[in-house]
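One-letter residues, chain by chain:
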Protein chains: 2
Amino acid sequence: MNTPVIEFFWDPASPYTWLAATQIGALATRTGATVSWRPFVLGKVFEATGNRAPATVAAKAKYLFKDLGRWAALYNQPLNFPKVFPVNSMTALRMACAANEAGEGGRFALAVMRAYWVDGVDISQPDALVSAMTAAGFDGAALFEASQQQAIKDVLRANTDDAIKRGAFGAPTFFVGSTMFWGNDRLVLLEDALRPAAQG
Amino acid sequence: MNTPVIEFFWDPASPYTWLAATQIGALATRTGATVSWRPFVLGKVFEATGNRAPATVAAKAKYLFKDLGRWAALYNQPLNFPKVFPVNSMTALRMACAANEAGEGGRFALAVMRAYWVDGVDISQPDALVSAMTAAGFDGAALFEASQQQAIKDVLRANTDDAIKRGAFGAPTFFVGSTMFWGNDRLVLLEDALRPAAQG
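Residues numbered from 1 in each chain as written. Chains lettered and ligands numbered in written order. Predicted model: local features only at pLDDT ≥ 70, side-chain atom pairs only at ≥ 80, totals over all residues. Heavy atoms only, no water.

1. Some points on the layout of surface pockets
- Its boundaries defined by the atoms lining it, the second largest pocket holds a volume of some 370 Å³.
- Every element with two or more residues in the lining of the second largest pocket is listed here: helix H1 (15-31), helix H3 (58-75) and helix H9 (187-199) of chain A together with helix H1 (15-31), helix H3 (58-75) and helix H9 (187-199) of chain B.
- In terms of residue class, the lining of the second largest pocket is built from 11 nonpolar, 4 polar and 6 charged. (1 Å grid on protein atoms, 1.4 Å probe; cavity = no way out; pocket = protein on both sides within 12 Å on 5 of 7 lines; lining within 4 Å. Points joined across faces, edges and corners; volume = space filled by probe spheres on them. Helix = DSSP H or I, 4+ residues; strand = E, 2+ residues; numbered from the N terminus. Nonpolar A, V, L, I, M, F, W, Y, C, P; charged D, E, K, R; others polar.)

Spelled out as structure tokens, the structure:
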């Protein structure tokens, strides 16, 4: 049986995506799967589906703020709510597509989400973003230059369109084949679905 | 240390509430807690907070329908999506308040949600509701009669107002003291929060 692939659609603007990203590597190891990191534009997904960010209901926003801290504590992972939120993550996502082409997609995803959700870097600002990625061991300037190319912009658009076409409406979104899972809180179901394959 | 109490705000109209209800007894046993079953009117909570049912986004509705089946399978519990949905659960909730007064709140909650989410009983219809509850071992007629009393209606309204005042915006909602948890998918966090108390 082939190694199952978890497609992980991610946008660094989403805190639950950061939380899930801290867990997906270990989950993949436990289930014998590999992770395909697919940057996509969450705002475009909201636009296309009529969904909206969860924090648009005041009582829910208040709760979710606490909820994020509880998940971070459960996972023993850092999460510092950034001053700049929501954030324009377009350049970061394009750089992530360039990093994917260089075979560094997973490492870049974790690094850019850590920059935003732990270190408070304003990733909407190219200078801050490039510096943070350079500090994390990437050639930030080269990735930024690549992110300005039409071919890379097209990859990001194609990823987003693909996710929408297959039923995505939020983030993080995972696919195993045609089976979709949405949300950090569905990692338990994702793992449950992968278990028979891992044992097969 | 006193036994911790899990207040479980529930409305049988919510499928995730049924799923959580099937798990809460075992969770309480594991953590040394007791469950206080508190019927409340989810529609009023949506009205008060500006929240809306998750299924109002088409792509999300399609996904959640599958998601419910996955949780049911994970829990090894039955769930048959009812023909009548959404359902008016007001009479069922008032009967639940009457059952609470008789010390049968938990058993009633599980029975009425099973009637709707497993057996497909249209619980908006008093005759069907009373029959189902009588078949489940309650004095259905007496509970229905009690449900028409103003004092019972007031209990349900007070429960709903209490939940809204304390920050609820959906169902199921759990409180341990002033700490709120929302959703079947947060049982893991509820249990995590109760663990130190259970060990104390």
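2. Remarks on the interface of chain B and chain A
- Counting residues at the interface gives 24 residues for chain B, matched by 24 residues for chain A.
- Summed over both sides, the interface of chain B with chain A buries roughly 2400 Å², with 62% coming from carbon and sulfur.
- Taken together, chain B and chain A are joined by 4 salt bridges.
- Notably, a salt bridge pairs Asp67 of chain B with Arg186 of chain A, separated by 2.6 Å at the nearest N-O pair.
- At the junction of chain B with chain A, the criterion picks out 8 residue pairs in polar contact (both at pLDDT 80 or more).
- Among the secondary structure elements, those contributing two or more residues to the side of chain B that touches chain A are H3, strand E4 (179-182) and H9 of chain B.
- Sorting elements by how many residues they give to the side of chain B that touches chain A places H3 of chain B first, with 7 residues. (Contact = heavy atoms within 4.5 Å. Buried area = accessible area lost by both parts, 1.4 Å probe. Salt bridge = Lys/Arg side-chain N within 4 Å of Asp/Glu carboxyl O. Polar contact = N/O pair within 3.5 Å; in protein donor to acceptor, adjacent residues only side chain to side chain.)

3. Comments concerning the sheet that holds strand E4 (residues 179-182) of chain A
All names here are of chain A.
- Within the open sheet, the 4 strands sit side by side as E2-E1-E3-E4. Their pairing is mixed. Both edges of this open sheet fall to strand E2 (34-39) and E4, since each of them pairs with a single strand only. Between one strand and the next, the sheet's axes are offset by a mean angle of 25°, whatever the strand orientation.
- Running at roughly 165° to strand E1 (residues 5-10), H1 makes contact with E1, E2 and strand E3 (173-176) of the sheet.
- Against the sheet, helix H8 (residues 150-165) makes contact with E1, E2 and E3, and its axis sits at roughly 110° relative to E2, the strand it touches most. (Pairing = 2+ DSSP bridges. Axes fitted to C-alpha atoms, helices over the stretch in contact; angles between N-to-C directions.)

4. Side note on the packing of helix H4 (residues 90-101) of chain B against helix H8 (residues 150-165) of chain B
All names here are of chain B.
- In the contact formed by H4 and H8, the axes pass within 9 Å of each other and the chain directions differ by 100°. Taken together, the axes of H4 and H8 lie roughly perpendicular to each other. On the side of H4, the interface is formed by Met90, Leu93, Arg94, Cys97, Ala98 and Glu101, while H8 contributes Ile152, Lys153, Val155, Leu156 and Asn159. (Parallel < 35°, antiparallel > 145°, perpendicular 65-115°, else oblique.)

5. As for the environment of Arg157 of chain B
- When you line up the elements, Arg157 of chain B lands in helix H8.
- Taking C-alpha positions, Arg157 of chain B is 7.4 Å from Phe40 of chain B, a pair spaced 117 residues apart along the chain.

6. Quick word on the packing of aromatic side chains
- Tallied over the full model, the rule gives 28 aromatic pairs over all chains.
- Measuring from centroid to centroid gives 5.4 Å for Phe81 of chain A and Trp117 of chain A, while their planes differ by 70°, and the two rings are edge-to-face. Residue Phe81 of chain A is located in the loop between H3 and helix H4 (90-101), and its partner Trp117 of chain A is located in helix H5 (residues 105-117); the two are separated by 36 residues in the primary sequence.
- Within the aromatic cluster, the residues linked to one another by ring pairs are Phe65, Phe81, Phe85, Tyr116 and Trp117 of chain A.
- Of note, Arg107 of chain A hangs over the ring of Phe138 of chain A, and the distance from its end group to the ring centre comes to 4.2 Å.
- Across from the ring centre of Phe181 of chain A, 4.5 Å away, lies the NZ or CZ of Arg70 of chain B, which sits over that ring. (Phe/Tyr/Trp six-rings, centres within 6.5 Å; stacked < 30°, edge-to-face > 60°. Lys NZ or Arg CZ within 6 Å of the ring centre and 35° of its normal.)

7. Some points on the sheet that holds E4 of chain B
Residue and element names in this part refer to chain B.
- Spatial strand order, E2-E1-E3-E4: 4 strands in an open sheet with mixed pairing. Edge strands, defined here as strands with exactly one partner in the open sheet, are strand E2 (34-39) and E4. The mean angle between the axes of side-by-side strands here comes to 25°, regardless of whether they run parallel or antiparallel.
- In the packing of H4 onto the sheet, the strands contacted are strand E1 (5-10) and E2, and the crossing angle to E2 comes to about 140°.
- The strands touched by helix H5 (residues 105-117) within the sheet are E1 and E2, with E2 carrying the most contacts at an inclination of about 60°.

8. Considering the relation of the copies chain B and chain A
- Here chain B sits on chain A after a turn of 180° about the axis and a move of 0.0 Å along it, with an RMSD of 0.0 Å. The superposition of one copy onto the other is thereby described by a two-fold rotation axis. Considering only C-alpha atoms, the residue of chain B closest to the rotation axis is Asp185 of chain B, which sits at 3.1 Å. (Least-squares fit on C-alpha atoms with pLDDT ≥ 70 in both.)

9. Description of the nonpolar core
- By size, the foremost hydrophobic cluster in this structure holds 134 residues, and its most contacted members are Phe108 and Met133 of chain A together with Phe108 and Met133 of chain B.
- The contact partners of Met133 of chain A, leaving out residues within four places of it in the chain, are Met95, Phe108, Ala111, Val112, Ala115 and Phe138 of chain A. (Core = buried A, V, L, I, M, F, W, Y, C linked by side-chain atoms within 4.5 Å. Buried < 20%, exposed > 50% of the residue type's maximum accessible area, 1.4 Å probe, protein only.)

10. Topic: the pairing of E4 of chain A
Residues and elements named next belong to chain A.
- Note that E3 and E4 share 4 bridges and pair antiparallel. Each bridged residue has a counterpart across the sheet, and for Phe175 the counterpart in E4 is Met180.
- Where E3 folds back onto E4 in an antiparallel hairpin, the turn is made up of 2 residues, including Gly177, whose phi is positive at roughly 65°.

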